[in-house]
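# Observations on the model geometry
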Amino acid sequence: MNAELLVWPIIACALLGAAIDLKEQRLPNWLSLLSAIVAGTHTALVNGVDGLISALLHCGLALVVGMGLFRIGFVGGGDAKFYAALAIAFPIGVALPFLGWTSLVGLLLVLAMITFRIIRKTAMGHEIGVLKFSVPYGIAIGGGAIITLLR
């Protein structure tokens, strides 16, 4: 089977996560489970058992770090689980590129949200004040996964 075709189900999960998080401000457990199954199947078919073991190590590490970040209120629990599920698509050697692309997309997302909020508040004649809002980080996680897959 062509390995390039196998990335499309992962991309579909990443896009679905981004859309759900944007609309509902949450990432459901069923999506993380589906993403983990799809990513694990992809990794097993493309990289074999050794690649899958490496990817599961990546997933475990991502989940431990993500739950730690959730514990201190830095990310949502759904974000941590979704990132860990998509991490199964990447062996541990690709952990830093996945994290880097996700962080870059997240930074661009936050800057876009701040800019939009400033423009909207200024246009409405309100004082800008404190910029406090929730970031649908599923967009960044999905975007990071897609970029990592397609590079």
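Not measured: the values here are computed from a predicted model.

Another aspect to go through is the nonpolar core. Formed by 26 residues in total, the largest nonpolar core has its most connected members in Ile10, Phe82, Leu86, Phe90, Phe98 and Leu149. Among the elements of the structure, α1 (3-24), α2 (29-71), α3 (77-87) and α5 (138-150) are those that each provide at least two residues to this core. Beyond its immediate sequence surroundings of up to four residues, Leu86 is in contact with Ile10, Ala14, Ser35, Ala39, Phe98, Ile141, Gly142 and Ala145.

Within the chain, Gln25 stands out as a residue other than glycine whose phi angle is a positive 60°. In this fold, Gln25 is placed in the loop between α1 and α2. Accessibility expressed as a relative area gives 40% for Gln25, which makes it partly exposed.

All told, the structure shown has two aromatic pairs when counted by the stated rule. When the ring of Tyr83 is compared with that of Phe98, the centres are 4.3 Å apart and the planes differ by 10°; the resulting orientation is stacked. One end of the pair, Tyr83, is in helix α3; the other, Phe98, is in helix α4 (residues 95-123), and 15 residues separate them in sequence. What makes Tyr83 buried here is its relative accessible area of 12%. Between Phe90 and Phe98 the ring centres are 4.9 Å apart and the planes differ by 40°, which places this aromatic pair in the tilted class. Classification of Phe90 as buried rests on a relative accessible area of 4%.

What counts, and where the lines are drawn
Residues numbered from 1 in each chain as written. Predicted model: local features only at pLDDT ≥ 70, side-chain atom pairs only at ≥ 80, totals over all residues. Heavy atoms only, no water. Core = buried A, V, L, I, M, F, W, Y, C linked by side-chain atoms within 4.5 Å. Buried < 20%, exposed > 50% of the residue type's maximum accessible area, 1.4 Å probe, protein only. Helix = DSSP H or I, 4+ residues; strand = E, 2+ residues; numbered from the N terminus. Contact = heavy atoms within 4.5 Å. Phe/Tyr/Trp six-rings, centres within 6.5 Å; stacked < 30°, edge-to-face > 60°.

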